[in-house]
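Examining the three-dimensional arrangement
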Amino acid sequence: MKKTRNIFIALGIIFCAVSCGNGWLELEPSTAINTDEAVKTLKEVEFTMNGIYDIMRSSDLYSGRMMYYGDVTGDDMQAVSSSKRTGNYYRFSFTRDNGPSSHWAGLYEIIQNTNLILSRVDGIKVPDEDTGWRDNLKGEALAVRALALFDLTRFFGMPYAKDGGASLGVPVVTTLSDIDDKPERATVATCYDSFIADLNEAVQLLSPKFSKGRMNRWAAMSLLARAYLYKGDNVNALKTAEAAIEGAESNKWALWSNKEYATAWSNDASAAAPGEILFEMVITTPESQGKETMGRLNSKDGYDDMCITVSFYHLLKEDPDDVRLKLLSFDKKKYAYVFKYQPQAGEDIMDANVPVIRLSETYLIAAEAAVKTGDNEKAVKYLGAIAQRANPSRTLDGAAVTLDDVMTERRKELVAEGHRMFDVIRNGGTVKRIDETDSNLSSTRHFASDREFNWDFYKIILPVPKAERDANPNVAQNPGYDD
């Protein structure tokens, strides 16, 4: 999409916070535009959405940092060394003055561009045959805005369950803003209300059909189920996840089989064979996002940046027939990497597509919500599908599924996809980085000083970047970072 994005910028359609570190909505003259002249046709709306997806594909966002944060801050993965790109995250070394700016600025860039679409799209008059196109584009903008706000909230705001959402989240921005706007941070609860409302509306508008690299109804519905789960609304989480599973599978999506699992990650999903990828960052070599994408960071043939911990390796090895062991790539018996980011045919490893929402996660959301609502039959059904896919000889029939069972399966299934630390903390648990040894991982050792922590540890959320606070004094810093 590099060419598309250049056209997108040339047209003056981007109206948003500029690159990282330029402050809250600080507009450079080249990007300050007359928005009355922008986005007047559906084709221009589509150009704008293409540009938004291109922004999302950046290695500073969903092809890199946004994905690995939740893993290297947990206990199943770690940075190989302090000098690696993931090292500062793993060691929680950020302060109020050096916190990363890309998470904040990049996600608000996405939000401001979706706001431009949403401020215009309803007023675009189209013939009856194009109303579905318009609805779908509006649904995409709503779903992507929701995803950006959801991630801002979990990166910069405490888990909902800690205080019922009373602590500070991030500014909720749903209209076009300019340099004079200085919004305050909303509560976590207000943030949840906003992105859940966006997703509920998006689900009604989005197409149920496959659209490569773009949001569809089942991806948005799965994200909505995830949001309900994080909020603790388990009744709606279960209901929504089940509807997403049923809808996706009626439109050709399906869990990968045990036989295809180890190599299915390299498949180039299509309408004929979408597999279980509901939403992904599509990266091709001509449009490469560079060498800091998930494919290269997770490879011994790349930057060998983030590896599994010895304790996680031992967890996987408890079942020697678990197919997920086949995803491990060993480097001279020193480290093991998760080979999920497999390049598509003809591509370099750094250009492997990056799954953001998978059907497997939707099954696990349903299983967790079922446990929490006391529906063991459904917990067995949805957790059993994932467990038996991993090892066809396993069965959960007759079992009383516990939350620990679900969390263990989430660890095994979703490792290297950005979930682990969030899963522990949102459930009020404790991350424990345990030192164990294994001859196959002879050099793998924890070197972070913070080995055990829960949601009382202030660094489980990031500091608001200094540039943003300098530009907007109404944005309060997160507790702990000013001490």
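In this report, the structure presented in the accompanying data block is examined. Numbering of residues begins from 1 in every chain and follows the order in which that chain's sequence is written. Where local features are concerned, this predicted model is filtered to residues with pLDDT of at least 70; where side-chain atom pairs are given and counted, the filter is 80 or more; whole-chain, interface and lining totals use all residues. Side-chain calculation: all heavy atoms of the structure are included, whereas hydrogens and water are not.

Things to note about the packing of aromatic side chains
How we decide: Side-chain rings of Phe, Tyr and Trp (the six-membered ring for Trp) are treated as a pair once their centres are within 6.5 Å; stacked means planes under 30 degrees apart, edge-to-face means over 60, and tilted covers the remaining angles. A helix here means a DSSP run of H or I that spans at least four residues, while a strand means a run of E at least two residues long, and both kinds are numbered starting from the N terminus. Think of it in three bands: residues with accessible area under 20% of the maximum for their type are buried, residues over 50% are exposed, and the middle band is partly exposed, with areas taken using a 1.4 Å probe on protein chains only. A ring is considered to have a charge above it if a Lys NZ or an Arg CZ atom is located within 6 Å of its centre and within 35 degrees of its normal.
Per the counting criterion, the structure on display carries 25 aromatic pairs. Both rings, one in Tyr53 and one in Phe279, keep their centres 6.2 Å apart while their planes meet at 55°; by these two values the pair is tilted. Placement of the pair is Tyr53 in helix 2 (residues 42-56) and Phe279 in strand 2 (residues 277-281), with a sequence separation of 226 residues. Each of the two residues, Tyr53 as well as Phe279, counts as buried. Here the aromatic rings of Trp104 and Tyr108 are separated by 5.4 Å at their centres, their planes lie at 55°, and the arrangement is tilted. Of this pair, Trp104 and Tyr108 both sit in helix 5 (residues 102-120), four residues apart, which is roughly one turn of that helix. Each of the two residues, Trp104 as well as Tyr108, counts as buried. Each residue in the set Tyr68, Tyr69, Tyr89, Phe94, Phe155 and Phe422 is aromatic and connected to the rest through ring pairs, giving one cluster. The ring of Tyr303 carries the charged tip of Arg85 above its face, separated from the ring centre by 3.7 Å. Stacked on the ring of Tyr303, the Lys or Arg Arg296 has its end atom at 4.7 Å from the ring centre.

Quick look at empty space enclosed by the protein
As a reminder, the rule being used: Cavities and pockets are defined on a 1 Å grid built over the protein atoms alone: a cavity is a set of grid points where a 1.4 Å probe fits but cannot escape, while a pocket is an open set with protein on both sides within 12 Å along at least five of seven lines, and lining residues are those with an atom within 4 Å of any such point. Grid points are joined across faces, edges and corners, and a volume is the space filled by probe spheres set on the points. The nonpolar class holds Ala, Val, Leu, Ile, Met, Phe, Trp, Tyr, Cys and Pro. Asp, Glu, Lys and Arg form the charged class, and all remaining residues, Gly among them, are polar.
Applying the stated criterion across every chain yields a total of nine cavities of 30 Å³ or more. In this model, the largest cavity occupies a volume close to 140 Å³. Lining the largest cavity are 15 residues, with Arg154, Gly157, Met158, Pro159 and Phe422 sitting closest to its centre. Among the secondary structure elements, those contributing two or more residues to the lining of the largest cavity are helix 6 (131-156), helix 8 (188-205) and helix 17 (420-426). The element best represented in the lining of the largest cavity is helix 17, accounting for four residues. Residue classes in the lining of the largest cavity are distributed as 11 nonpolar, two polar and two charged. Its volume calculated, the second largest cavity comes out at about 80 Å³. Around the second largest cavity sit Tyr62, Met66, Met67, Leu147, Asp151, Arg154, Arg226, Val356, Glu417, Gly418 and His419, which together line it. Listing elements by their share of the lining of the second largest cavity, those giving two or more residues are helix 3 (65-72) and helix 6. The element best represented in the lining of the second largest cavity is helix 6, accounting for three residues. For the lining of the second largest cavity, the class distribution of residues is five nonpolar, two polar and four charged.

Structural notes on helix 3
Burial runs high along helix 3: seven of the eight residues are buried. Regarding helix 3, the residues found buried are Met66, Met67, Tyr68, Tyr69, Gly70, Asp71 and Val72.

So, the pattern of salt bridges
Here is the rule we go by: Think of a salt bridge as a Lys or Arg side-chain nitrogen and an Asp or Glu carboxyl oxygen that are within 4 Å of each other.
Scanning all chains against the criterion turns up 40 salt bridges. The salt bridge involving Arg389 is made with Glu276; its shortest N-O contact spans 3.2 Å. Of this pair, Arg389 sits in helix 15 (residues 376-390) while Glu276 is found in the loop between helix 11 (261-264) and strand 2, placing the two residues 113 residues apart along the sequence. Classification of Arg389 by relative accessible area gives buried; the value is 7%. Overall, the relative accessible area of 0% leaves Glu276 in the buried class.

With respect to the packing of helix 6 against helix 8
Spelled out, the test is: Convention adopted: a line fitted to C-alpha atoms gives each axis, helices being fitted over their contacting stretch, and angles between N-to-C directions are expressed from 0 to 180 degrees. We call two directions roughly parallel when the angle between them is under 35 degrees, roughly antiparallel when it is over 145, roughly perpendicular when it lies between 65 and 115, and oblique otherwise. Throughout, a crossing is termed right-handed when the near helix is turned clockwise from the far one, and left-handed when it is turned anticlockwise from it by less than a right angle. Contacts are assigned to residue pairs that have any heavy atoms within 4.5 Å of one another.
At a closest axis distance of 8 Å, the pairing of helix 6 and helix 8 adopts a crossing angle of 155°. In terms of their interaxial angle, helix 6 and helix 8 are classed as roughly antiparallel. For helix 6 against helix 8, the interelement crossing comes out left-handed. Residue-level contacts link Asp135, Asn136, Lys138, Gly139, Leu142, Ala143, Arg145, Ala146, Leu149, Phe150 and Thr153 of helix 6 to Val188, Cys191, Tyr192, Ser194, Phe195, Asp198, Leu199, Glu201, Ala202 and Leu205 of helix 8. When the residues that make up the contact of helix 6 with helix 8 are grouped by side-chain class, the tally is 12 nonpolar, four polar and five charged.

Things to note about the packing of helix 10 (residues 234-250) against helix 14 (residues 359-372)
Taken N-terminus to C-terminus, the directions of helix 10 and helix 14 make an angle of 145°; their axes are 8 Å apart at the nearest point. Where helix 10 crosses over helix 14, the handedness of that crossing is left-handed. Side by side, helix 10 and helix 14 meet where Asn234, Ala237, Leu238, Ala241, Ala244, Ile245, Ala248 and Glu249 of the first sit next to Leu359, Thr362, Tyr363, Ile365, Ala366, Ala369, Ala370 and Lys372 of the second. Looking at side-chain class alone, the contact of helix 10 with helix 14 contains 12 nonpolar, two polar and two charged residues.

Some words on helix 9 (residues 217-231)
Count 3.6 residues to each turn of an α-helix, and residues three or four apart come out pointing the same way. Spelled out, the test is: Under the convention used throughout, the expected extent of a helix is 1.5 Å for every residue step, that is, one less than its residue count. Here a polar contact is taken to be a pair of N or O atoms separated by no more than 3.5 Å, where protein atoms must pair a possible hydrogen donor with a possible acceptor and residues adjacent in sequence count only if both atoms sit in side chains.
The terminal C-alpha atoms of helix 9 lie 21 Å apart, and with 15 residues this matches the ideal 21 Å at 1.5 Å per residue to within 8%. When you tally the buried positions in helix 9, you get 13 out of 15 residues, the bulk of the element. Among the residues of helix 9, the N-terminal cap falls to Asn216, whose side-chain oxygen and the backbone nitrogen of Trp218 are separated by 2.9 Å. One or two steps after helix 9, the chain reaches Gly232, where phi turns positive at roughly 95°.

Read these as layout, nothing more, since geometry by itself doesn't imply function.
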